[in-house]
Amino acid sequence: MPLFDPGPKARREDLYDRERELETLINAVEKCEPLILLLGPRRCGKTSLLQVALNECRVPNIVLDCRVFEERIHIRYADLMKVLEKKLNEFAKPFNRVLEFLRRVRGIRILGSGIEFETYSVRNVSLTEIFEALSRWAEDEGRCLVIAFDEAQELSKLRGATILPTIAYAYDYLRNLSFVFTGSMMGLLYRFLKLDDPRSPLYGRGFVEVRLAPFPREQAVDFLIKGFREHGVEPPIEVLEYAVDRLDGVPGWLTLFGYTALNRGRIDREIVDEVLEIASGMVLEELKHFLEPRYQAAKRYLAILRAVAQGFDTWSKIKKFLEVEEGSKVSDSDLYLLLKNLLDASILRKEDNEYRIADPVLAYAILRKTIRLDKELS
Ligand SMILES: Nc1ncnc2c1ncn2[C@@H]1O[C@H](COP(=O)(O)OP(=O)(O)OP(=O)(O)O)[C@@H](O)[C@H]1O
Ligand SMILES: [Mg+2]
């Protein structure tokens, strides 16, 4: 698979660098660590790293893509169970002996070579019992089974049920299961799993953490050089430098640039700008997903983002900006909560008490395009 393929990578030879992160993840999976967190901003290669590691280890695995819930404000237990039902059926194809274990779970029916949940309600089919059955299967096979939740922070939208006690139970008693949670939103992932909250069922449990960051500048340029070289192309270095200036070292954006340039058969600054436009559209859509459930404060969030994008980067500068914008006083507690939510969602990051827009593409988009978003949300 070429380096500039826009889908997630699944094989080691397709992955650029990430040697250290991959080793840590593979090690953890091989040891069947009960809890593994794979954290990083969007488009930094979390799904790719997870897939490569699972392929390298050749462990049986069930990966639940929670991104399907991204546009939802809330999700119900039944939504999660429907996703799980589908995944269990996929899993049972190569590992059909698992059906013998699943058939004993209350509320599960065997249907030919697959399973069916009688209903999707918490009362009728228990996630704990499903995990127990899977663990018994894994134990019987003498293997470790990895259960991964990709973009797990989406599960914090779960209403009317909580899966944390089940995860904690599995952590303590189901030794043949290894849980992986990936998430772009560090705060939210911590907030969802609540690993540092004494009231959380998972409190105090140890875990392995793998973090992915954007490539440093030099590596980002090298990534582009290698990617174009695969197609026998040697673009002018200043165009590549310009691409990294605008797109930063985010692998997903660099890949999109390479992919688009090759498709257009042109590698110049205009293509970089064009990719920036496409990428802006994508990040604004994602910002909309963040703002929609918070529509009452949407204008305030946008004003804060505009302030930060323009360089009003400290608490007091942001506060003043917001007060001028709204024409009235803003309370410290309000501002604290707004900033905390933006940090939790990894939309902002904070360094030495200065706030920054985490993704340079979002910063660009906010300065040029949020007026549209303002209108759409009002
Ligand atoms: N180390 C890498 N080598 C080659 N390509 C990569 C690497 N990391 C990421 N990519 C590419 O960048 C894009 C985004 O990667 P991926 O989907 O794995 O990231 P992610 O962090 O899961 O993103 P998202 O936040 O959208 O879920 C894909 O096109 C992928 O092929
Ligand atoms: Mg992903």
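Everything below is about the structure printed above this text.
These numbers come from a predicted model, not from an experiment.

**Quick notes on the site of ligand 1**
Then, number 1: The local shell around ligand 1 holds 22 residues, among which Tyr-16, Gly-45, Thr-47, Ser-48 and Pro-251 are the closest.
Then, number 2: Counting the residues that make up the shell around ligand 1, at least three belong to each of domain 1 (12-211) and domain 2 (217-267).

**Details of the pairing of strand β1 (residues 35-39)**
Then, number 1: The element β1 is largely enclosed, with a buried count of five among its five residues.
Then, number 2: Residues of β1 alternate between two faces, with Leu-35, Leu-37 and Leu-39 on one and Ile-36 and Leu-38 on the opposite face, all of them buried.
Then, number 3: Sheet topology places β1 next to strand β8 (residues 177-183); five bridges connect them, and they run parallel. Considered in β8, the bridge of Leu-39 is made with Gly-183.
Then, number 4: The pairing of β1 with strand β9 (residues 208-211) spans four bridges and is classified as parallel. Paired with Ile-36 across the two strands is Val-208, which belongs to β9.

**Focus on the packing of helix α1 (residues 19-30) against helix α2 (residues 46-57)**
Then, number 1: α2 packs onto α1 with a crossing angle of 50° between their chain directions and a minimal axis gap of 9 Å. By the angle class used here, α1 and α2 are oblique. Of the two elements, α1 crosses α2, and the hand of that crossing is right-handed. The residues of α2 that touch α1, namely those facing Glu-21, Leu-22, Leu-25, Ile-26, Val-29 and Glu-30, are Leu-49, Val-52, Ala-53, Glu-56 and Cys-57.
Then, number 2: Counted by class, the contact of α1 with α2 contains eight nonpolar, no polar and three charged residues.

**Quick word on the sheet that holds β9**
Then, number 1: Strand order in the open sheet formed by five strands is β2-β6-β8-β1-β9, and the pairing between neighbours is parallel. Of all strands in the sheet, those bounded by a partner on one side alone are β2 (61-65) and β9. Strand-to-strand, the axes of this sheet are offset by a mean angle of 15°, without reference to chain direction.
Then, number 2: Where helix α7 (residues 186-193) meets the sheet, it contacts β1 and β8, and its direction lies at approximately 140° from that of β8.

The rules behind the values
Each chain has its residues counted from 1, following the order in which its sequence is written. Each chain gets a letter, beginning with A, and each ligand a number, beginning with 1, in the order they are written. Confidence filtering applies because this is a predicted model: local features only for residues at pLDDT of at least 70, side-chain atom pairs given and counted only at 80 or more, and all residues used for totals across whole chains, interfaces and linings. As used in this record, a residue near a molecule or strand is one whose C-beta atom, placed from the backbone, is within 6 Å of it. The domain limits used here are those given by an automatic or database domain assignment. Partly exposed residues are those whose C-beta has more than 12 but fewer than 20 other C-beta atoms within 10 Å; with 20 or more the residue is buried, with 12 or fewer it is exposed, and the C-beta atoms are placed from the backbone. Only DSSP runs of H or I covering at least 4 residues are called helices, and only runs of E covering at least 2 are called strands; the numbering of each starts at the N terminus. Strand pairing requires that DSSP identify at least two bridges connecting the strands. For every element, the axis is a line fit to its C-alpha atoms; helices are fit only across the contacting stretch, and the angle between N-to-C directions ranges from 0 to 180 degrees. Angles below 35 degrees are treated as roughly parallel, those above 145 as roughly antiparallel, those between 65 and 115 as roughly perpendicular, and all remaining angles as oblique. We call a crossing left-handed when the near helix sits turned anticlockwise from the far one by less than a right angle, and right-handed when that turn is clockwise. Note on contacts: each residue gets a C-beta atom placed from the backbone, and two residues are in contact if those atoms are within 7 Å. Gly is placed with the polar residues, together with every amino acid not listed as nonpolar (Ala, Val, Leu, Ile, Met, Phe, Trp, Tyr, Cys and Pro) or charged (Asp, Glu, Lys and Arg).

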